Structures are given as C-alpha cells and as structure tokens.
Amino acid sequence: MAISPLAGKPAPKEMLIDPVRLEREYFERKPDLDDPGQLVSFGTSGHRGSPLRGSFTEAHIIAITQAICDYRRAQGTDGPLYMGKDTHAVSGPAQRTALEVLAANGVQTIIQRDDGFTPTPVISRAILVYNRARAEHLADGIVITPSHNPPEDGGFKYNPTNGGPADTDVTQWVENRANELLRNGNTGVKRVGFTTALNADTTHQEDFVLPYVNDLRNVVDMEAIRAANLELAVDPLGGAAVHYWEPINTVYKLQIAVVNPKVDPTFSFMTVDHDGEIRMDCSSPYAMARLVGLKDRYQVAFANDTDADRHGIVTPSAGLMNPNHYLSVAILYLLAHRPHWPAQAAIGKTVVSSSMIDRVVRKLGRRLSEVPVGFKWFVPGFFDGSCCFGGEESAGASFLRHDGSVWTTDKDGPIMDLLAAEITTRTGKDPGEHYRALTAEFGTAYYTRIDAPATAEQKARLEKLSPEAVKEANLAGEPITAKLTRAPGNNAPIGGLKVVAHSGWFAARPSGTEAVYKIYAESFKDEAHLNAIVSEAQEMVNSALGPATYS
C-alpha cells in the first residue's frame, strides 16, 4: 500500500472542501440514472456517496426516505422514528430533506433539539429503550452519516425496530423502492416545505444527550473511573460525539480533557490519512497523529469517528492500539468483570478479526461466534442476550449492560473509550500493557490487509466460491484445517473465502466499490510467515477464480 507524502501531516488548505459548493451540488445536481454509480446502493452501512459524484443528492434522499416510509407502512411500524445526523457538510441538508418527506407521510419523527448532532449508538439505544416491553407501535430510526468517510461524502442509514443496522432483506427492499422512485422522477413522493415539516405536529425536538449520558453507568463502571481520578483525554475528531463529553464530565464528575472541541465541515484540523485523503478514521495512526502525539500526557486517550460508532484507543505503553489488540483485551477484561452476564452468551467476532480473540475466548471457556463482515450479524444475539460482546477488526464494537440486557445493537464508540478507562482503573494497567501480556502467553500476532486486482467477473466468482474450489492442502508449510465460505457462527455466506491453518489464516472478499479483492491475513509465527500466507493466498484465490475474460 503506497503511503502519501502528506500522511500524518496537517491537511493543506488546497485539500479542503468548499461547503457552500457542496451544498449547492446537493440541491441542484440531478443524478445520471444510466450510471449505476449514481443509483441508490445500500452497502453494509447504508447508502453513501457525494454530491460531487452525483451519488448523494436531494433526489436520492427524497427517494430513500419515501422508500423507508413505504417499508414502515408495509411492516406495520407506526411508532416514532428517531433521526440523527453527524457533522459532515451535507448531513444537515439531508436531514432537512428527510424531515420534509417524513412529515408529509405523517411519521412521528424525533430529532435532537437545537439542530444538534447525534451519534449512531445514541439512536440505537433510544430505539431499544422506547421499544422495551412494547409489542406494538414500535420505534425505528435513521442516522445520516457516511461514518469516517471524507468531508465531501454523505451517508444515510436505516435502523429498524431491533435498533441495529438493517439486514440485507430490508436494505434490498428500500434500495429497490428508492431506485424505482428515482427512475420515475420522484413523482410518487409525499413532501412538504421545511418550515411546515419542522412545525408539524408529528415533529418532536428532544434532548438525546442526557438520557444516553445518564444511562452510561449501567454499561460502564463510571464510579470506579471517577474515584481513580485518571488523566484522560478525548478527541471527537469533529464528530457527532463532540457535545457529549462535557455532559459526561459533569454528570460523573470526571475531568476528561476534550483536546479538540471544534466542529468544522471542512475538517481542517485533521491530519491526512495514509492515501492522501482527509478521513476521520480513529483506527488510522495517520489520521490520529495529533492524539498519538499526546500519548505520554494522559493515562488513556481516545477518539471516535464522525458518527461515534468506532473507537480509537491511545495509551502510553502502545500508542494507538491496533483495533484487534484492543478487542482482545476488552473481551478478556469484560468476561472477568461482568458477573451478571449469561454464562452461555457468546463472544462475537467477524471472520477477518484476529485469532488472538479465539485464544482468549478458548482460555476462558466461553463460546465464540464467528460471523461474516458487517455489524448487522451481531444484532439478533445482542437483542436476545445470547451474544454479550461483538467486535469488528475495523474498530467497531458493543457489549451488554451490567445486568446482561441489551445496551445497543449498533457499534458504540464512547462505551469502548470509557471501557479503556475502566480497565486501567480496575487493573492498574492500561490496555496496551494487557495486550503485551497476551502476546507473552499466546505469541505475537502479525496481521495485514492488502488489495489485489480483480475484474467484476472475478469478484462475482469470489463471492460465490465453494470450498472445493481450493485444491491446495497446505498453507505456508502447514496443513489446511478449514476452507470456509460460510461463517462458523451462523452459517451465513461470508461473501468470499477463508482458509485456516494452525499458525495462520487468510480471508479474501471482493470490494464493493473498487476493481480489487481484499486479502486479510494473520500469522502467529513471524513477518516472513505472514508474507508467505499472503503470497499463497493470492495464488490460491487466483487459481480458484480462473482467468479473467473480457467481452
């Protein structure tokens, strides 16, 4: 992976977006419906795009919101809809557009008062709290965010009544209906003006901040953190959690230093990511360079991405922790410090997360549930309490309340931040030190992710591979113990291939947006063994896919 010469450095002025132009493009640009890239497309986390590419415009949001209204009607969902937005430049315009459609459809819609920002996990929790003990008139939600994507992007997610990311059957329905509306010029859409929508009887402005903040004591040991008086810091990276940290300080009598309280749609305070883009990725050492530079001033420092569903943990002992490393430590700690969690509840991980997690879970005698990539796969287990923790290698995770009931069914960055403080408080060691102890016990994990070129045809083949397509018996000198195209935890297709040996594994999945497939690989031997796994992985995948054909 080529590293940009700007990586880790302050973003130069010429890189910054023009928010006025971006908003103008959002309202004025008409998508080219003959270009598949400008249609509505729900990936693992909703529809994403940019006004500058014709893929996130007012026309898209009108169509998607009407499609969600139609879906709710078809499902009999008639409770309130909680709607939040992040700090990206087009999130505000998109929320206004969505409200115009929701109000015209008579949907009871609840938004943060005073035009405020709302993290993804806050919406998930609000849905679940409202629906608790209800069997009808259930709530659902919308979050307007492209997550950590660059400043010119927009995103739109739907969370149904279980509070989590919508499953494929839901997103496919909404996508198909939205594109049908788009192709018909949105003539089937109900819509009123913004002032009418804002003042409608169905629109309610409430405070989402304090209910979430006050409830944190039921999922993290906030009293222990307060008593320890740790030196803590947070960088919200200009995201939706920015106005949550001072209320957390006030309610729990903490002194978490908010080292960057700015909200700026150009994200001019960011350091540039590995590829020369501005990206609010709290798992990237380049995007997190400023906070990493403060690591020795605080016992724990942390950050979140723009909708606060991801976490980044910085410690004096390790700097910015690799997400896989922190997930392993969090699981080890939580299983020893949550006595009221169901003993039979599984630990959830995705197929591309580190096998260090497997070793930790096995040591503790607990059940591991390995699922495909996408947080939606953890939702059923969180919802019914059969999964107590779920985590992704991309720095997203959540876990149950102290009493073993559901907290959120979507990723929650702030509780993972505060958990790092709890771990340090209760054990006297920061999470980086705990991971060092794990490597002493289980060995060092060498992990990488790379991209390899693939045609659209090859990507389609990879998604539908059978285990029998892999003829090899060994991986990097060891017998292959498993060839997987379905996840062991729920037997769902992983949309690719995973090959496992005793000391290492690889997984290959097609990219949804680029002419590449992604290889994830890990070795518990050394870098040379990891490189051998990657090399053989490419050979195995290319052999299984066969030659590309071009028409």
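Our structure's up above, just so we're on the same page.
Note that the structure is predicted; figures quoted are calculated from it, not measured.

Novice: How should the sheet that holds strand E22 (residues 516-523) be read in this particular structure?
Specialist: Whether parallel or antiparallel, the strands of a sheet pair through hydrogen bonds between backbone atoms. Reading across from one edge, E17-E22-E21-E20-E19-E18 is the order of the 6 strands in this open sheet, with antiparallel pairing throughout. The open sheet has two free edges, formed respectively by strand E17 (446-453) and strand E18 (474-475), since each of these has just one partner strand. For E18 and strand E19 (residues 478-486), the ladder comprises 2 bridges, and the chain directions are antiparallel. Across the sheet, residue Asn474 finds its bridge partner in E19, namely Pro479.

Novice: Just checking my understanding: could you explain the packing of aromatic side chains for this structure?
Specialist: Two numbers describe a pair of aromatic rings. These are the distance of the centres and the angle of the planes. Within the structure shown, the criterion is met by 16 aromatic pairs. Seen from their ring centres, Tyr26 and Phe56 are 6.2 Å apart, and the 35° between their planes marks the pair as tilted. Taken together, the residues span a long stretch of sequence, with Tyr26 in helix H1 (residues 19-28) and Phe56 in the loop between strand E2 (46-49) and helix H2 (58-75) at a distance of 30 residues. Given the relative accessible area of 0%, Tyr26 is considered buried. Its relative accessible area of 0% is what places Phe56 among the buried residues. Members of the aromatic cluster, each reached through a chain of ring pairs, are Tyr26, Phe27 and Phe56.

Novice: When you look at the layout of surface pockets in this model, what are you seeing that I'm missing?
Specialist: The rolling of a water-molecule-sized probe over the atoms marks out the regions of remaining empty space. If you add up the space inside the second largest pocket, you get close to 340 Å³. Along the walls of the second largest pocket sit 23 residues, with Lys376, Trp377, Val379, Pro380 and Gly381 positioned nearest its centre. Secondary-structure elements contributing two or more residues to the lining of the second largest pocket are helix H5 (168-183), strand E13 (346-350), strand E14 (368-371) and helix H13 (379-384). Sorting elements by how many residues they give to the lining of the second largest pocket places H13 first, with 3 residues. For the lining of the second largest pocket, the per-class residue count stands at 12 nonpolar, 7 polar and 4 charged.

Novice: So what exactly am I meant to see when it comes to the pattern of salt bridges here?
Specialist: When the charged atoms of two side chains lie near each other, side chains of opposite charge can form a pair. Scanning the entire structure with this criterion turns up 29 salt bridges. Among the salt bridges present, the one from Arg177 reaches Asp70, with a minimum N-O distance of 2.8 Å. Placement of Arg177 in helix H5 and of Asp70 in helix H2 is noted, with a sequence separation of 107 residues between them. In this structure, Asp309 and Lys411 form a salt bridge, with 3.6 Å as the shortest nitrogen-oxygen distance.

Novice: Please explain the nonpolar core as it appears in this structure.
Specialist: Grouped burial of nonpolar side chains is what soluble globular proteins tend to show. In terms of nonpolar packing, the biggest core is built from 72 residues, with Leu216, Met222, Trp245, Ile248, Ile256, Phe389 and Phe399 touching the most fellow members. Residues within four places of Phe399 in sequence aside, it is in contact with Val219, Val220, Leu334, Arg338, Trp341, Phe382, Cys388, Phe389, Trp407, Ile415, Met416 and Leu419. Core analysis: the next-biggest nonpolar cluster, separate from the first, contains 39 residues, Leu22, Tyr71, Ala94 and Val107 among them.

Novice: Would you explain the side chain of Asn260 in this entry?
Specialist: Among the secondary structure elements, Asn260 is positioned in the loop between strand E9 (257-258) and helix H10 (289-292). Judged by relative accessible area, which is 9%, Asn260 ranks as buried. Here Lys262 takes part through its backbone nitrogen, which lies 3.2 Å from a polar atom of the side chain of Asn260.

Conventions and cut-offs
- Residues numbered from 1 in each chain as written.
- Predicted model: local features only at pLDDT ≥ 70, side-chain atom pairs only at ≥ 80, totals over all residues.
- Heavy atoms only, no water.
- Pairing = 2+ DSSP bridges.
- Helix = DSSP H or I, 4+ residues; strand = E, 2+ residues; numbered from the N terminus.
- Phe/Tyr/Trp six-rings, centres within 6.5 Å; stacked < 30°, edge-to-face > 60°.
- Buried < 20%, exposed > 50% of the residue type's maximum accessible area, 1.4 Å probe, protein only.
- 1 Å grid on protein atoms, 1.4 Å probe; cavity = no way out; pocket = protein on both sides within 12 Å on 5 of 7 lines; lining within 4 Å.
- Points joined across faces, edges and corners; volume = space filled by probe spheres on them.
- Nonpolar A, V, L, I, M, F, W, Y, C, P; charged D, E, K, R; others polar.
- Salt bridge = Lys/Arg side-chain N within 4 Å of Asp/Glu carboxyl O.
- Core = buried A, V, L, I, M, F, W, Y, C linked by side-chain atoms within 4.5 Å.
- Contact = heavy atoms within 4.5 Å.
- Polar contact = N/O pair within 3.5 Å; in protein donor to acceptor, adjacent residues only side chain to side chain.

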